[in-house]
Amino acid sequence: MSPLLEVEELRRSFSGGRTLFGPRKPDVRAVDGVSFTLGRGETLGLVGETGSGKSTLGRLVLRLIEPSAGRVRFEGEDVTAASSSGLRAMRPRMQMVFQDPYGSLDPRMTAAEIIAEPMTAHGVRRAEAMRRAADMLGRVGLSPAMAARYPNEFSGGQRQRIGIARAIALDPALVVLDEPVSALDVSVQAQILNLLADIQARSGVSFLFIAHDLAVVRHVSDRVAVMYLGRVVEMAPRDALYGAPRHPYTVSLLSAVPRPDPAKERAKARIRPIGEIGSAAALPSGCRFHPRCPRARLVAARGVDAVQAAGTRLPRACVEQDPQLSPAGGGAHLAACHFPDEA
Ligand SMILES: Nc1ncnc2c1ncn2[C@@H]1O[C@H](COP(=O)(O)OP(=O)(O)OP(=O)(O)O)[C@@H](O)[C@H]1O
Ligand code: SF4
Ligand SMILES: [Mg+2]
């Protein structure tokens, strides 16, 4: 059986616009050649710093925005080539939950109307949709008696439950969750994550779970993909990625997760990436991580063919050749690094 979702070499650039009197700014390559698959009932976590292209990728997968290139197949059908009526027919099966539970719900609609809306849009009669919406409130741990309340009468966590109820009302096969718990308190986060796990166990829905919090992603994911400046630089089953990361960017992200042990706390300071994340509008040559890569500096110091770049000596391969996502460390573990075994 083919995977639920197949993403091939997906790309999306945004026009850089113009400066007031100067030349046109370069385009932003927000998603720059991303491929992955997602199985039925599987959760793929997608992590990366702000601006790495996670939300753009999530929207491209559902074709809420148009790709510049590449292809998405969902349940065997070509999403990228679908006509508007074809896409409309697929919509109930692929849904999205947004980060901001305050901004993403229409304040003029009641909870039941918000949940019922996608059902009526796909032909369910209003009375039936409203009845099912009250049911859905129960399924996400709210009282059906809250059906007539407006979003401002709910807490952040309750609003996110309404957003989830709306997304799952039509029994989708795929839900893209874009930072669904980032705006919530830690205790509320745990409740929402448990709710999502429960929904998945009952329905077999697949999740593309976007977050910048590695602890949250670890909790929910079967596999994890790490994004850096528009690319997936590492992808692996959860335990392999957290236990033995192969890409130095992943190593640095993991070392930034607070640890209780002071010795490990000191060790982590040494493997931070150098400087700030660059811009997707001015990508470095070769490996896009090379200006920040601590491993490249170590490898160069050991005497491989090196060149002067980013104010230091770096391996020529890192500066001149763009590393592709390739097997590293066995099994389904992939990393885009010329020196994946240097961990
Ligand atoms: N509509 C747009 N127009 C122009 N540039 C955009 C647009 N949407 C995103 N970008 C740019 O594309 C890049 C990726 O943005 P995106 O929102 O996908 O990142 P992200 O990983 O989701 O970040 P965050 O963690 O902050 O949500 C950024 O440089 C961003 O400024
Ligand atoms: S290819 Fe070179 S610069 Fe890129 S991550 Fe690997 S070691 Fe670092
Ligand atoms: Mg985002």
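This report concerns the structure included in the present document. Because the structure is a prediction, the values reported are computed rather than measured. Residue indices begin from 1 for each chain and proceed along its sequence in written order. Whichever chain is written first is A, and whichever ligand is written first is 1; the rest continue in order. Residue-level local features of this predicted model are given only where pLDDT is at least 70; pairs of side-chain atoms are given and counted only at 80 or more, and the full residue set underlies all totals for whole chains, interfaces and linings. Side-chain descriptors were evaluated using all non-hydrogen atoms of the structure, hydrogens and water having been removed beforehand.

### Observations concerning the side chain of R91
Working step 1: Within the fold, R91 resides in the loop between α2 (84–90) and β6 (94–97).
Working step 2: Think of it in three bands: residues with accessible area under 20% of the maximum for their type are buried, residues over 50% are exposed, and the middle band is partly exposed, with areas taken using a 1.4 Å probe on protein chains only. Note on charges: Lys and Arg go in the positive column, Asp and Glu in the negative column, and His and the chain ends are not counted at all. Any carboxyl oxygen of Asp or Glu within 4 Å of a side-chain nitrogen of Lys or Arg constitutes a salt bridge here. For the buried R91, no salt bridge is present, and the opposite-charge side chain at shortest range is E66, 7.2 Å distant. Numbering of helices and strands runs from the N terminus; a helix is a DSSP stretch of H or I covering at least four residues, while a strand is a stretch of E covering at least two.

### Description of the site of ligand 1
Working step 1: The rule for a residue being near a molecule or strand is that one of its heavy atoms must lie within 4 Å of it. Taken together, F14, V28, A30, E49, T50, G51, S52, G53, K54, S55, T56 and E179 form the complete shell of residues around ligand 1.
Working step 2: Pairs of N or O atoms are called polar contacts if they sit within 3.5 Å, as long as, within protein, a hydrogen donor faces a hydrogen acceptor (for residues adjacent in sequence, only side-chain-to-side-chain pairs). One nitrogen or oxygen atom from the main chain of S52 is found 3.2 Å from an oxygen atom belonging to ligand 1.
Working step 3: Side-chain polar atom of K54 to an oxygen atom of ligand 1: 2.8 Å apart, as the coordinates give it.
Working step 4: Here, Shrake-Rupley sampling with a 1.4 Å probe gives the accessible areas, and only protein chains in the shown set may cover a residue. Relative to its free-state accessible area of 630 Å², ligand 1 is covered by the protein chains to the extent of 60%.

### Focus on helix α4 (residues 126–139)
Working step 1: With 14 residues, α4 extends 20 Å from end C-alpha to end C-alpha; this agrees with the ideal 20 Å at 1.5 Å per step.
Working step 2: Burial in α4 covers these residues: A129, A133, M136 and L137. The buried side chains of α4 occupy one side of the element, clustering within an arc of 105 degrees when seen end-on.
Working step 3: Note on contacts: a residue pair is in contact if any heavy atoms of the two residues lie within 4.5 Å. Looking at the packing, one finds that the buried side of α4 touches α3 (111–121) and α5 (156–168).
Working step 4: At the exit of α4 stands G141, carrying a positive phi of roughly 85 degrees. For a helix, the expected span equals 1.5 Å multiplied by the number of residues minus one. What the arc measures is the spread of directions leading from the helix axis to the C-beta atoms.

### As for the packing of α5 against helix α6 (residues 186–203)
Working step 1: Axes here refer to lines fitted to C-alpha atoms; in helices the fit is confined to the stretch in contact. Angles between the N-to-C directions go from 0 to 180 degrees. Running from N to C, α5 and α6 cross one another at 15 degrees; their axes reach a closest spacing of 10 Å. One way to sum up the angle between α5 and α6 is to call them roughly parallel. Along this stretch, α5 crosses α6, giving a crossing that reads as right-handed. Of the residues in α6, those touching α5 at G157, Q160, R161, I164 and I168 are V188, Q191, I192, L195, L196 and I199.
Working step 2: Broken down by class, the residue content of the contact of α5 with α6 amounts to seven nonpolar, three polar and one charged. For classification purposes, angles smaller than 35 degrees are called roughly parallel, those larger than 145 roughly antiparallel, those between 65 and 115 roughly perpendicular, and all remaining angles oblique. Throughout, a crossing is termed right-handed when the near helix is turned clockwise from the far one, and left-handed when it is turned anticlockwise from it by less than a right angle. Basically, the charged four are Asp, Glu, Lys and Arg, the nonpolar ten are Ala, Val, Leu, Ile, Met, Phe, Trp, Tyr, Cys and Pro, and anything else, Gly included, counts as polar.

### Here we look at the packing of aromatic side chains
Working step 1: Any two rings among Phe, Tyr and Trp, with Trp reduced to its six-membered ring, count as a pair given centres within 6.5 Å; such a pair is stacked if its planes are under 30 degrees apart, edge-to-face if over 60, and tilted if neither. Per the counting criterion, the structure on display carries three aromatic pairs.
Working step 2: With 5.1 Å between their ring centres and 80 degrees between their planes, Y228 and F289 make a pair best called edge-to-face. Of this pair, Y228 sits in strand β9 (residues 223–228) while F289 sits in the loop between α10 (262–268) and α11 (294–301), placing them 61 residues apart in sequence. There is no split in this pair, since Y228 and F289 are both buried.
Working step 3: A network of ring pairs unites the aromatic residues Y228, Y249 and F289 as a single cluster.
Working step 4: R149 extends its terminal NZ or CZ atom over the ring of F154, reaching a point 5.7 Å from the ring centre. Only when the NZ atom of a Lys or the CZ atom of an Arg is both within 6 Å of the ring centre and within 35 degrees of the ring normal do we say a charge sits over the ring.

### A word on the packing of α3 against α4
Geometrically, a packed helix pair is captured by the angle between its two axes and the distance between the axes.
Working step 1: Viewed as axis vectors pointing N to C, α3 and α4 meet at an angle of 125 degrees, and their least axial separation amounts to 8 Å. In terms of their interaxial angle, α3 and α4 are classed as oblique. Like other packed secondary-structure pairs, α3 and α4 cross with a definite hand, here right-handed. Residues A111, A112, E113, I115, A116, M119 and T120 of α3 pack against R126, A129, M130, R132, A133, M136 and L137 of α4.
Working step 2: Counted by class, the contact of α3 with α4 contains ten nonpolar, one polar and three charged residues.

### Digging into the environment of C318
Working step 1: Mapped onto the secondary structure, C318 falls in helix α12 (residues 316–320).
Working step 2: When its relative accessible area of 8% is taken as the criterion, C318 is described as buried.
Working step 3: Sequence separation between C318 and R108 is 210 residues, and the spatial gap between their C-alpha atoms is 54 Å.
Working step 4: Ignoring any residue separated from it by four or fewer positions in sequence, one finds C318 in contact with S285, G286, C287, H290, A296, H338 and F339.

### A closer look at the sheet that holds strand β1 (residues 5–14)
Within a sheet, adjacent strands bond to each other through the backbone by hydrogen bonds, running parallel or antiparallel.
Working step 1: Each pair of strands is called paired provided DSSP finds at least two bridges between the two strands. Taken in spatial order, the four strands make up an open sheet running β2-β1-β4-β5, and their pairing is antiparallel. On the outer flanks of this sheet lie β2 (28–38) and β5 (77–78), each paired with one strand and no other.
Working step 2: Alignment of β1 against strand β4 (residues 69–74), held across five bridges, turns out to be antiparallel. Along β4, the bridge assignment pairs L5 with F74.
Working step 3: Running over the sheet, helix α1 (residues 54–61) touches β1, β2 and β4 and is turned about 120 degrees from β1.

### Structural notes on the sheet that holds β9
Working step 1: The sheet built from eight strands is open, its strands ordered β6-β7-β8-β3-β9-β10-β14-β13 with mixed pairing. In this open sheet, the two edge strands, each paired with only one partner strand, are β6 and β13 (326–327).
Working step 2: Pairing between strand β3 (residues 43–47) and β9: four bridges, direction parallel. Pairing of G45 across the sheet is with V224, part of β9.
Working step 3: Across the face of the sheet, α5 comes into contact with β6 and β7 (174–178) while running at roughly 175 degrees to β6.
Working step 4: Packed on one face of the sheet, helix α9 (residues 248–255) meets β9 and β10 (231–237) and runs near 105 degrees to β9.

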